[in-house]
Amino acid sequence: MLPLKLIQPYVRLLTLLLIAFLSLPAQAKTSNEFRLSEFYGGNSLLRLNGERPVQDLGITLSPLLAVSSATLHLKATSSITMLQERSILNVRFNNVTIGQITLNPNKPNLQADVRIPSELWRPQYNTLTFAASQYVDRCQDSNAPDLWSEINLYNSYIAFETTKVINQLNLQKLSDFFNPGIGGQHQAQIFTLDNKQENDIVNKYAIPAVAQALALRTQYQSLHIDYQNIESKAADTKSIVQPISESKYRQSSWYITDKKADDIHVLIGTKNSLQQALSEKTLEEINGPYLRIEKTPAVIIEGEELVASHIRLIVSGLSEQDVVRAATTLAYMDDRLNPDQSINVHSTVNNAFIPQQQVTLQPGKSYTLSELGVTAINFNGPGLLTKKIEIRLPADFYASETDTVELTLDFSYGAGYEDGSTFNITVNGKVIHGLKLDKKDGDFYHNYTLSIPARLFDGGKNELAFHVNQNSIQLIGECRSVNGDYLHFQLDTDSKIELPTAAHLARQPDLRLLGQTGYPFAQYQTQDDTGIYITQATMRSAALTMAGKLAQSSGNLIPNLYVEMGIPTTLTDTAMVLATPKDLSAELYSDLSTAITDSKRWPYRLQNKLYNRVTANDNQNLQPNTAAGFTTQQSTLGDFSLVLATKNPVADKTGTLFIIAAETTERLTERISELVQGPLWSQLAGDFFAWDNAKSPLIVMQVSSAYMLGATDSWTALGAWGTNHPWYLLLIIVAIVFMFMVFTWLLLKRRHQKIKEDWKE
Amino acid sequence: MVTNSPPLLTRRLTLRMSLLKIFTLLSLFFLIALASIPLQAASQLALSMGIIVFVYSASSEAIQHSKKRELFRLFAIIIGCFLSIRYLIWRGVNTLESDDIFSFIAMITLFIAEIYSGVIHLLGCFVNIFPLNRPRQSIKQFTDEKIPTVDLVVPSYNESETLLEVTLRAAKMLDYPANKLNIHLLDDGGTDQKVFQENVVAAQHALTRRKKLQALCQSLDVEYHTRAKNEHAKAGNINTALLNMDGELVVILDADHVPTTDFLDRTVPWMIKDKDVFLVQSPHFMDNPDPIERNYFSAFTRMPSENDMFYNTIQKGLDFWSSSFFCGSAAVLRRRHLDMVGGIAGDSITEDAETALALHALGYKSVYVDKPMISGLATESFSSFIQQRERWAQGMAQILILKKPFLNSGLHWYQKCGYMSSILFWFFPFARLVFLLSPLGYLLFGLELIHATFTEILIYTVPHIIVSFRLSHVLFGKNRWPLVSELYEILQCTFLFRALLTVIKSANDPSFLVTPKGEDQSKNYISSLANSFYWLLVMLFIGNLGALYHFYSTPESWELTFVVFAWNTFNFILCVSLLDVLIEKKQVRKASRLPAYDYVKIAASEHQIWQGNLRNLSRTGANLSLTFEHTLPKEVRLIAYASALNKHVEIACQVMHQNSDTKEVRLQFLTRTDQEKNNVIAYTLCDSERWDSFQKRRTRPISYFYGLKHVVSVSMKPLFLHIYMKLKQRS
């Protein structure tokens, strides 16, 4: 017994240490593998052509992660004509060479493991570079077709071992938790306590605002929201069981059953409603809209970890309005400016503020490239070099046929450009201008002005790209070559783009526009209330996930977006309904060729001549027809879910109604989680979109009549209507011409009669 | 109760009319509003195509004598004008934008030219929306007391005695009570000023002319008038002579205008019926081709004359709007009304239109009788043709500037439209030159002419052009073949442009120049006015070379280049083909022969008479085919029924040629006695039915493509002919 007594303190200490170690999951190592294709925007093959090709992959890492080890598993194929002794694939990480792989013609399919030293990893942005030296001959044409190798990005991957390190927990770290890179959090739990009023202000406005705030931090990565309302008596029960730990237990994240401690969760509610979950100190701090990030203590009783330590974000306030303001502040705030663990918001002033106007370029104004965030455009060396610039216009940007976007460029290129050197400019992939770079001594252009038809620009995101093909001097003769490093092209960032004034109208329904810009939930000119209506309480998580995605798409908070339980008789003009078929009434589909109730009305493809028109990105020319027919049947939705967009039949004014339906609530939640992920979300199009997985849709169709939505002068609105209904307009014109003809005819006949009377006299 | 009914009925009618006018204006307002709605390309295309279909369908019904053709015609005009207005609004609102000042100037200039053309088109549609067809009237229906006295005046300046004799003899044969008709020759070539001028030769010539004409008048029982000074040209001549006349009506005939016998019979009744009528105008029928018809088309007998469009359609349209105006000759005027405005007006060199304007402004009416009852001579050479048109253009411009009809409070709004349509038409040289030269601005100097894309041009401009052509066809198709207007305008534009500039510079400067008639055309030669066309051709050709350069240097804008290239090529083809006009063709015959189909007899003696049918007829001879073979003696008598005299006449003829195979005989009339002269004139020139039938024969529509084919088919040959003739001239 003695020896046991002697070692008991040590055992206890060891146990405590072990428990302490185990209770620090933030410092636990995690292993992950990421395919390289996840870091590359192109297809899954990275082709390296020419003598000295170089390609970069950007690898983003959450700043909270410390990489303890990382290995690149590379699979590549190279040309069998390579000279083995000179052909090498260099692998660089943050510009340091970490591997040299011989391109062996006898073994064209190569596999290699390259260790990436931990010290080379930088917080957030890292660059993995593949630079090949490819030779097939001592003297070769640098553009010879057999100079190639390709890396299979899909089968190549990086294996990490990382540790989450949080040195000092404060609100600055909030963005790091939701970093879109590796290690970032892509799901979030939101908790409320004793929140039984389904449609109170917190439920309706504050929680959706928090969901949006978090989703905005994940940027382009999807964020799945899991919402739970906890009964506070659960805490009481525990406290009765363990009265000694009552205070500690209250401060803990007792409401979380999951013991995974890495992720941050959100606790939201008024000061009163959170009494059972916050410490006295925290409760004292809440004097108004309140935000706090904190690490909750673990509760260990008798060696058993009852509640794990967690990191949580508290969004609270004295009143429900305070909670909404705190949530709104959370969405707007720059985390880097908040080095404290908690803040009390005194006021938020947004005079005539429409968030969308902060996100997009404004029609009628001009912007230099530097104002668009472009730091410098320098192209050096030979080859085709491209700089892409995002031009984000209001989703309802509606320019007239003759409006132009003026592009005024200052650019120059140095001497030695040879035949085939070109400067091409594209807008959304369409070439709008080309210039031969054919001055041997280089040239300089100032105020080189291009008038680009504004209709080439879509509402939402546009891509303006500058492509420079730089060819060097071709030397003829054995082993004579010039590497072309001297080629230098520079586009001044003072170059500017001038947008025409435009009306604000968008063709609806258009899921593509929703996917790209969040329109019509986020609008440029107005910020009317927009509702996401759920038919069952368990759909709230899905609704919040959707709210977050809409905020991501719009690039800003949608302040008047709310989630409401039940479907009222009149919906907001722009509305989204999440429901199962049995929850939906036929009223919503009275004028449609599609209906999702227990009895389904499907405009099958062969009954719908519009279905194949949604593949075109520009659907401006879509004719305003509806599906030619439909079939009514009794069936279920099975595994799939669908989004149907249509003119809102139960709104006060013109608006768009989005209906998302699945057979069950669980299926709906699952499908929405899939929908908000990049691959599927980016494929949204048409007004009928069905899917059953996260990769690709089942079917995409256009089934409803087009109409215009937006705030503009009545003249433009009339024009837009005419644009959508040219045949109706023609009929109206013919009718008025006919009327005018009849009136004129009567007048002419009367005059004729009068003349005839004169000559009878 | 009964006594209250008429005012009530009147009030109701007035109210109904007011409502009708309000509804008309409202629907017009809605149409203009709809015309200005901005649309995206695909929808505009649908709209344009739809309207084109409506215009073509409705106009086809209108042309094909549908029962409701007038309604279909009206519908086609209104909906077609809608598209044109929409085009002009689009041009004004969306296509005038350029950073380059020179481009902007070119752009605005082209736009003004288009606005001008558009306004002319719309005014043309308005004027001709309801051409008035008047019934035949005759003085036979009136008692002798009601028939007014008429002074028929023939002003002359330098016309030959022969020419005047024909006109005066025809006037003497007018079917009108002799005691109520006085005929006067107003000789301005034999005035005291001319007779006593310092130039002895010219003075002698004037004196001789005076004596000869006095003798002629004496022989024909016509009053000869001359005056002291040649003041105020033709207007002054008439006004001076009017002081010595007292007829209730005045008929003015140009020296070469030979009246048919029914001229007064058909016109004077309108004066009797309505005392407010100050003018009865009849068409000018030309019995010879103008230089363009002769040199270019050689289609005088097959194609409507340039005059036909004005006299067969436009004057009828103007008549409906009480705006048909005096054309200087072939008209009856009321003396009382003339005196109210101080006689024939003389502020401008188109005294006729000016006089009509003054009397219309006083509220008096005009009547247009659509029956060719005057045959005149068209100008023979291109230069005299241009001289005549310069006078018309300058005169109309003078009226616009000096009389400002658009501000004349005495005119009704529709009369203002009528006058503005007639006057503004003469500003076509500006627009035509702009349309000719604008493509060069782009092709040679890179100027932006229109701030629009290729697609927009296809969906706005092309439908507008298609519809405009179609409406022109609907309105004037029978009387004006496709592209003929363009050809006439191109021919005149450079010369008339200069002439118009002198008026704009100083409205009082232009002076009356008598149009030369009866010129010698005994050989082929290139017109002295050809040089400006050579320059134009060279420029257009260089323009097309510029287009090729554009295709090479800026391939990205090939669509725009293609449009301008096509436009320039169209101009080039028109100009090349017009070179044919500038070759003045030899005119073998003294008088033009017109087709005729009369049944006639040829008599060699009282017992030798053969039957035959006329093939053609002129004032100097005839061509006929005999029904059987027989060699004719040298001199024969042509026996034919002269409708003008309502009896058979015998005309002595010399047989010039007889073809035994074709049985064709060519005769020359012998006019040795007054009676023979009268018979020839009565038979050949005094039958209005003959002119009517000839006109109807050639007024027929052709398709646009046929017209285009015709122009293209003659496009290259004249170019080589010019080169050949120029080389020949040098050698």
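Residues numbered from 1 in each chain as written. Chains lettered and ligands numbered in written order. Predicted model: local features only at pLDDT ≥ 70, side-chain atom pairs only at ≥ 80, totals over all residues. Heavy atoms only, no water.

Time to look at the domain arrangement of chain B. Residues and elements named next belong to chain B. Split into domains, chain B comes out as domain 1 (144-378) and domain 2 (594-698). Placing the centre of domain 1 and that of domain 2 at their C-alpha centroids yields a distance of 29 Å. On the side of domain 2, 21 residues touch domain 1, which itself brings 27 residues to the contact. Notably, a salt bridge pairs glutamate 689 with lysine 371, separated by 2.8 Å at the nearest N-O pair. (Domains from an automatic or database assignment. Contact = heavy atoms within 4.5 Å. Salt bridge = Lys/Arg side-chain N within 4 Å of Asp/Glu carboxyl O.)

Let us look at the domain arrangement of chain A. By domain assignment, chain A separates into domain 1 (28-164), domain 2 (171-349), domain 3 (366-501), domain 4 (504-709) and domain 5 (725-760). Computed from C-alpha coordinates alone, the two centres of domain 1 of chain A and domain 3 of chain A are separated by 29 Å.

What follows is about the interface of chain B and chain A. Listed by partner, the interface residues are 51 residues for chain B and 40 residues for chain A. Here chain B and chain A share an interface that buries about 4,600 Å² over both sides, 74% of which is from carbon and sulfur atoms. Interface area lost by chain B to chain A is led by Gln40, Phe130 and Phe320 of chain B, which between them contribute 12%. At the boundary of chain B with chain A, the tally comes to zero salt bridges. Taken together, the connections running from chain B to chain A amount to six residue pairs in polar contact (both at pLDDT 80 or more). Of all elements in the fold, only helix H1 (5-35), helix H2 (41-63), helix H3 (69-94) and helix H9 (263-273) of chain B reach the threshold of two or more residues within the side of chain B that touches chain A. The element best represented in the side of chain B that touches chain A is H1 of chain B, accounting for 11 residues. Across the side of chain B that touches chain A, the residue classes break down as 32 nonpolar, 12 polar and seven charged. (Buried area = accessible area lost by both parts, 1.4 Å probe. Polar contact = N/O pair within 3.5 Å; in protein donor to acceptor, adjacent residues only side chain to side chain. Helix = DSSP H or I, 4+ residues; strand = E, 2+ residues; numbered from the N terminus. Nonpolar A, V, L, I, M, F, W, Y, C, P; charged D, E, K, R; others polar.)

The subject of this paragraph is the sheet that holds strand E33 (residues 561-565) of chain A. Residue and element names in this part refer to chain A. Read across the open sheet, the seven strands follow the order E33-E32-E34-E39-E38-E40-E41; overall the sheet is mixed. Each of the sheet's edge strands pairs with one partner strand only, and the pair in question is E33 and strand E41 (697-701). The mean angle between the axes of side-by-side strands here comes to 15 degrees, regardless of whether they run parallel or antiparallel. Bridge count between strand E38 (residues 641-647) and strand E39 (residues 656-661): six bridges; the pairing is antiparallel. (Pairing = 2+ DSSP bridges. Axes fitted to C-alpha atoms, helices over the stretch in contact; angles between N-to-C directions.)

Moving on: the sheet that holds strand E35 (residues 595-596) of chain A. Residue and element names in this part refer to chain A. If you walk across this open sheet you meet the three strands as E35-E36-E37, and the pairing is antiparallel. Sheet topology places E35 and strand E37 (631-634) at the edges, where each strand pairs with a single neighbour. The pairing of E35 with strand E36 (residues 599-602) spans two bridges and is antiparallel. Residue isoleucine 596 lies in a different strand from E36, and its bridge partner there is lysine 600.

What follows is about empty space enclosed by the protein. All names here are of chain B. Applying the stated rule across the entire model yields four cavities of 30 Å³ or more. In this structure, the largest cavity spans a volume of roughly 80 Å³. Taken together, Asp287, Ser592, Leu594, Pro595, Ala596, Leu617, Ser618, Arg619, Thr684, Leu685, Arg690 and Trp691 make up the full set of residues lining the largest cavity. The set of elements that each furnish at least two residues to the lining of the largest cavity consists of strand E13 (594-595), helix H21 (674-685) and helix H22 (688-698). (1 Å grid on protein atoms, 1.4 Å probe; cavity = no way out; pocket = protein on both sides within 12 Å on 5 of 7 lines; lining within 4 Å. Points joined across faces, edges and corners; volume = space filled by probe spheres on them.)

What follows concerns the pattern of salt bridges. Close approach of charged atoms allows side chains of opposite charge to pair. If you walk through the whole model with that rule in mind, you get 46 salt bridges over all chains. Notably, a salt bridge pairs glutamate 670 of chain A with arginine 671 of chain A, separated by 3.6 Å at the nearest N-O pair. Judged by relative accessible area, which is 39%, glutamate 670 of chain A ranks as partly exposed. Notably, a salt bridge pairs lysine 234 of chain B with glutamate 351 of chain B, separated by 3.9 Å at the nearest N-O pair. Taken together, the residues lysine 234 of chain B in helix H8 (residues 233-242) and glutamate 351 of chain B in helix H13 (residues 351-361) connect sequence positions 117 residues apart. Note on lysine 234 of chain B: relative accessible area 13%, which makes it buried. (Buried < 20%, exposed > 50% of the residue type's maximum accessible area, 1.4 Å probe, protein only.)

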